Amino acid sequence: MLLAINSSNQYIFANLANRSERYRCPACKKPVVLRHGQQNVAHFAHQVQAGCHSFTEGETIDHLLGKMALYQHFAKDYRVVVEPVLSQISQRPDLLVKRPRETDLAIEYQCSPIGKKRLQERNEGLKSLGLEVLWVLGPAYYQRRLSGELTCRFLYGGRLFFYVPKQKRFDTRFNFSKTDFHKLQYESQTGFAAIAASLASSAEKDKSDCSGRGTIKQSVVDQTKSVCPTSDLDQHLLYQRTKITLLMVQGRVKVDLINYLYERGHRLDQIPDWCLLGQAFGLAVPNWHFRLVLVLLLERVRLNHWIVEERLSARLRQYFYPSFQDHEKILKATYADLAASGVICLQGNKILVIKLLQFVAD
Ligand SMILES: [Zn+2]
């Protein structure tokens, strides 16, 4: 930890601490010792490493450096509390950023792997105190390729945030899109600006920041559009069909789905082209699967029949990662894309099926 309490009950930063003085842990009040050396960042550690639930021992140098850097950055514009003791939930987030017109923001600098359950517990604990949480990821995350699922867990305002202490590098990734059988795509931005923008009040964010929420909204629309340069379109479709055929051969597609199609005289490798053109990020299944389910649901509604939009959405929400926040935008954009393709007609909260997408012939 970076902070401890001295004998006069004042919070003292480790780098300003005095070896001759006695310090205590702000959470459990037990004695801590000051550690620093040439390799180390000055920090405090419990004398006896047991019994303190609010503070994990053995912070890495990266973690201490990152926490310090994030503190120094945010303290320029905000009041920032380092390692606040939140005794109600026995948690100590790395930083607490006080925002004048908005809820306070807890910042967690995460260097080591964290399980889904623990992450959820920490998020829920902080949320129960009315705090928002921003996860900033360390070098281990920065260097590896993150899965869509992992990405969704750490999104804040549609962005991932990174800090790499060795390079003193702040980075954000945003505008995620995913084409089936291709790597996750995103834009990235270096520097502090994006993080600062994410901390601005929602009002400011909405009107001023084009690198923030506006772009994300736009990107959600773009992701679901069936866009593909015409020259590459045939190639793209062929590639997707080949890959899907391979999945079938390898027995990696649910038999239920194949049987369902077969009973209706359809084949999985002949699904409508539109199913192969999705690029939405946030789905726990491939885009083709999500779109195929939608096509089959519309087929069940039947031509020239109506369905309430919410009934359709209720069936489709299960296909997104549980931690993904923007599913409603993706659903809306997908319906809009179908409407633009002349498949459905949107009227208020209802959808009219005006064309059934055809499965391709042999
Ligand atoms: Zn303690």
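What you are looking at is a predicted structure, and each value in this text was computed from that prediction instead of being measured.

Regarding the pattern of salt bridges
Side chains that differ in charge, positive against negative, can pair when their charged atoms come close. Tallied over the entire structure, the rule returns 19 salt bridges. Taken together, the shared-partner salt bridges connect Lys 67, Glu 83, Arg 92 and Asp 94 into one network.

As for the side chain of Thr 151
Residue placement: Thr 151 occurs in helix α4 (residues 148-153). Assessed through its relative accessible area of 1%, Thr 151 is described here as buried. Among the polar contacts made by the side chain of Thr 151, one reaches the main-chain carbonyl oxygen of Ser 147 at a distance of 2.8 Å. Beyond its immediate sequence surroundings of up to four residues, Thr 151 is in contact with Leu 146, Leu 160, Phe 176, Leu 184 and Phe 281.

Here's the deal with the pairing of strand β5 (residues 43-46)
Residues His 43 and Ala 45 point to one face of β5 and Phe 44 and His 46 to the other, with burial holding for every one of them. Sheet topology note: the strand β4 (residues 31-35)/β5 ladder contains four bridges and is antiparallel. Counterpart to Val 32 in the pairing with β5 is His 46.

Quick notes on the packing of helix α10 (residues 287-301) against helix α11 (residues 309-316)
It is the contact of α10 with α11, at a shortest axis distance of 11 Å, that shows an interaxial angle of 140°. When the axes of α10 and α11 are compared, the pair comes out oblique. Seen along the crossing, α10 lies across α11 with a hand that is right-handed. Between α10, through Phe 290, Val 293, Leu 294, Leu 297, Leu 298 and Arg 300, and α11, the contact on the second element is made entirely by Leu 312, Arg 315 and Leu 316. Looking at side-chain class alone, the contact of α10 with α11 contains seven nonpolar, no polar and two charged residues.

Re α10
End to end, α10 covers 21 Å across 15 residues, agreeing with the expected 21 Å (1.5 Å per residue, within 8%). Buried residues dominate α10, accounting for 13 of its 15 residues.

Some words on the pairing of β4
Alternating residues of β4 divide into Val 32 and Leu 34, all buried, and Pro 31, Val 33 and Arg 35, none buried. Counting the residues in the hairpin turn of strand β3 (residues 23-24) and β4 gives six residues, including Lys 29, whose phi is positive at 70°.

Regarding unusual backbone geometry
Positioned with a positive phi, Ser 90 is a non-glycine residue whose angle comes to about 50°. Checked against the element boundaries, Ser 90 lands in the loop between β6 (79-82) and β7 (95-98). At Arg 302, a position not held by glycine, the phi torsion is positive, near 85°. For Arg 302, the location among the structural elements is in the loop between α10 and β13 (306-308). Take Arg 302: its relative accessible area is 48%, and that puts it in the partly exposed class.

Digging into the sheet that holds strand β8 (residues 105-110)
Overall, mixed pairing links the seven strands, which are arranged β6-β7-β8-β9-β10-β11-β12 in an open sheet. The sheet is open, and its two edges are formed by β6 and β12 (184-190), each paired on a single side. Ignoring which end each strand starts from, the neighbouring axes of this sheet average 30° apart. Against the sheet, helix α1 (residues 61-74) contacts β6, β7, β8, β9 (132-137), β10 (160-164) and β11 (169-178), and its axis sits at roughly 150° relative to β8.

Topic: α11
Of the residues making up α11, those classed as buried are Glu 309, Leu 312, Ser 313 and Leu 316. The arc that holds every buried residue of α11, seen down its axis, measures 100°, which confines them to one face. Of the surrounding elements, those touching the buried residues of α11 are α10, β13, α12 (327-340), β14 (344-347) and β15 (350-353).

Points about the nonpolar core
Ranked by internal contacts, the top residues of the largest apolar core, which has 65 residues, are Phe 154, Leu 268, Ile 271, Trp 288, Leu 292, Leu 312 and Leu 316. Residue contributions to this core peak at ten residues, all from α10. Looking at this core, you find at least three residues from each of domain 2 (60-219) and domain 3 (225-353). Ignoring sequence-local partners within four residues, the contact set of Phe 154 consists of Ile 114, Leu 119, Trp 135, Leu 137, Tyr 141, Arg 159 and Leu 160. In this structure, Ala 69, Phe 74, Val 82 and Phe 161 belong to the second largest nonpolar core, which totals 24 residues.

Reading guide: rules and limits
Residues numbered from 1 in each chain as written. Predicted model: local features only at pLDDT ≥ 70, side-chain atom pairs only at ≥ 80, totals over all residues. Heavy atoms only, no water. Salt bridge = Lys/Arg side-chain N within 4 Å of Asp/Glu carboxyl O. Helix = DSSP H or I, 4+ residues; strand = E, 2+ residues; numbered from the N terminus. Buried < 20%, exposed > 50% of the residue type's maximum accessible area, 1.4 Å probe, protein only. Polar contact = N/O pair within 3.5 Å; in protein donor to acceptor, adjacent residues only side chain to side chain. Contact = heavy atoms within 4.5 Å. Pairing = 2+ DSSP bridges. Axes fitted to C-alpha atoms, helices over the stretch in contact; angles between N-to-C directions. Parallel < 35°, antiparallel > 145°, perpendicular 65-115°, else oblique. Left-handed = near helix turned anticlockwise from the far one by under 90°. Nonpolar A, V, L, I, M, F, W, Y, C, P; charged D, E, K, R; others polar. Expected span 1.5 Å × (residues − 1). Arc of directions from axis to C-beta. Core = buried A, V, L, I, M, F, W, Y, C linked by side-chain atoms within 4.5 Å. Domains from an automatic or database assignment.

None of this, on its own, says anything about what the molecule does.
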